[in-house]
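# Reading the structure
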There are 2 protein chains.
Amino acid sequence: MDQLICPRFEKAISIMNKRWTTLIIYQLLEGSQRFCEIESSIGVSGRVLSERLKDLEKEGIVIRSVYDETPVRIEYSLTNKGESLKPALDQIQKWAETGLKQVSNSP
Amino acid sequence: MDQLICPRFEKAISIMNKRWTTLIIYQLLEGSQRFCEIESSIGVSGRVLSERLKDLEKEGIVIRSVYDETPVRIEYSLTNKGESLKPALDQIQKWAETGLKQVSNSP
DNA sequence: TAATTAACTTACTTTATGTAAGCAAGTATA
DNA sequence: TATACTTGCTTACATAAAGTAAGTTAATTA
């Protein structure tokens, strides 16, 4: 009697629901960033950030670009698929600014 | 050099990002449900469901209603604050149906 | 009377995350 | 030239969160 929920929604949630994922994408919506920039801006540990970026690359949401300068520069940015999450994150932001404030415990 | 991210967004994410929370809310958007209904529809363990429902009550997102019948019936439903998350979840659903399919690794 | 259900809780195991140190390659500083 | 520092990681270990399974209470059905 399991799995009555929409499997695509579940898949979307399984991606977004991993700790830090949404904040990483939110940061990258501002433009491409380097590893240490993401790390310090959202406060995620390097260990987990490294893991998440790999996951997001596999999902086709993030791309890792290596610029062959000296020293080498590595930047992470969103693919189209990644950018297409913007409306969803915008709505969460909207809720953060309005709905979140509500105190009403009325049904 | 931490915390450059919008604190309200972070708060919203800290609620939604906990495992199962979004799926619980998604289920309750369909109407009020009993403990075991939520449990079996999304596949969360009772231990964690119990924990999450308490958290969501504290956040003013969910209400627990006790109907004094025999046997007693307990139902969980969304408050206005909880319902106000619908647009955000709708956008995630939209992404699940369109953006998620994209395979393009183009920037 | 025995078995079953709802709504949990408790004890224990497994998985995820955090912390801190280490590493390679290059840069800047004394 | 030696020392320290930076970036982008990885590794090893500690702690927190989630899963699993059994137990509890009160009432119900077979």
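For every chain, the first residue of its written sequence is number 1, and the numbers climb from 1 along that sequence. All chains are assigned letters beginning with A, and all ligands numbers beginning with 1, in the order in which they are written. Since the coordinates come from a predicted model, pLDDT governs what is reported: local features require at least 70, and pairs of side-chain atoms require 80 or more to be given and counted, while whole-chain, interface and lining totals use all residues. In computing side-chain properties, one takes all heavy atoms of the structure into account and sets aside hydrogens as well as water.

## Topic: the interface of chain B and chain A
Formally: Residues count as neighbours in contact if any of their non-hydrogen atoms are within 4.5 Å of one another. Once two parts are brought into contact, the accessible area they lose, counted with a 1.4 Å probe and summed over both, makes up the buried area. A pair is scored as a salt bridge if a Lys or Arg side-chain nitrogen falls within 4 Å of a carboxyl oxygen belonging to Asp or Glu. Under the rule applied, a polar contact is a pair of N or O atoms within 3.5 Å (in protein, one hydrogen donor and one hydrogen acceptor; residues adjacent in sequence only if both atoms are side-chain atoms). Runs of E in the DSSP output that reach at least two residues are strands. Runs of H or I that reach at least four are helices, and both are numbered from the N terminus.
With 50 residues of chain B in contact, the opposing surface of chain A contributes 50 residues. The contact between chain B and chain A buries some 4500 Å² in all, and 64% of this surface belongs to carbon and sulfur atoms. Contact with chain A buries surface across chain B, with Phe9, Lys81 and Trp95 of chain B losing the most and accounting together for 16% of the total. Our count for the contact surface shared by chain B and chain A stands at 0 salt bridges. Between the two partners, chain B and chain A, sit 8 residue pairs in polar contact (both at pLDDT 80 or more). Those elements giving two or more residues to the side of chain B that touches chain A turn out to be helix H1 (7–16), helix H2 (21–28), helix H3 (35–42), helix H5 (80–83) and helix H6 (86–97) of chain B. Examining the composition of the side of chain B that touches chain A, we find that 9 residues originate from one element, H6 of chain B, more than from any other.

## Overview of the nonpolar core
Stated precisely, the cut-off is as follows: Buried Ala, Val, Leu, Ile, Met, Phe, Trp, Tyr and Cys residues that are joined via side-chain atoms within 4.5 Å together make up what is termed a nonpolar core. Here the term buried applies to any residue with accessible area under 20% of the maximum for its type, exposed to any over 50%, and partly exposed to those in between, with areas from a 1.4 Å probe on protein chains only.
Grouped together as the largest cluster of nonpolar side chains are 58 residues, with contacts concentrated most on Ile92 of chain A together with Ile92 of chain B. Dropping the residues within four chain positions of it, Ile92 of chain A is found in contact with Met16 of chain A together with Phe9, Ala12, Ile13, Met16 and Ala88 of chain B.

## Quick word on unusual backbone geometry
All names here are of chain A. With an omega of 0°, the peptide bond running from Thr70 to Pro71 counts as cis. Its place among the elements puts Pro71 in the loop between strand S1 (62–67) and strand S2 (73–78). Phi is positive for Trp20, close to 85°, though the residue is something other than glycine. With respect to the helices, strands and loops of the structure, Trp20 is situated in the loop between helix H1 (7–16) and helix H2 (21–28).

## What to know about the protein's contact with DNA strand C
To keep it simple, the criterion reads: Here a residue is considered near a molecule or strand provided that any single heavy atom belonging to it is located within 4 Å of it.
Around DNA strand C, 18 residues are found, and the nearest of them are Arg47 and Arg52 of chain A together with Ser50, Arg64 and Tyr76 of chain B. Of all DNA strand C atoms lying within 4 Å of any protein atom, the proportion belonging to sugar or phosphate reaches 67%. Ile74 of chain B is positioned such that a nitrogen or oxygen atom in its backbone is 3.2 Å from a phosphate oxygen of DNA strand C. Among the elements of the structure, helix H4 (46–58) of chain A together with H3, helix H4 (46–58) and strand S2 (73–78) of chain B are those that each provide at least two residues to the surface near DNA strand C.

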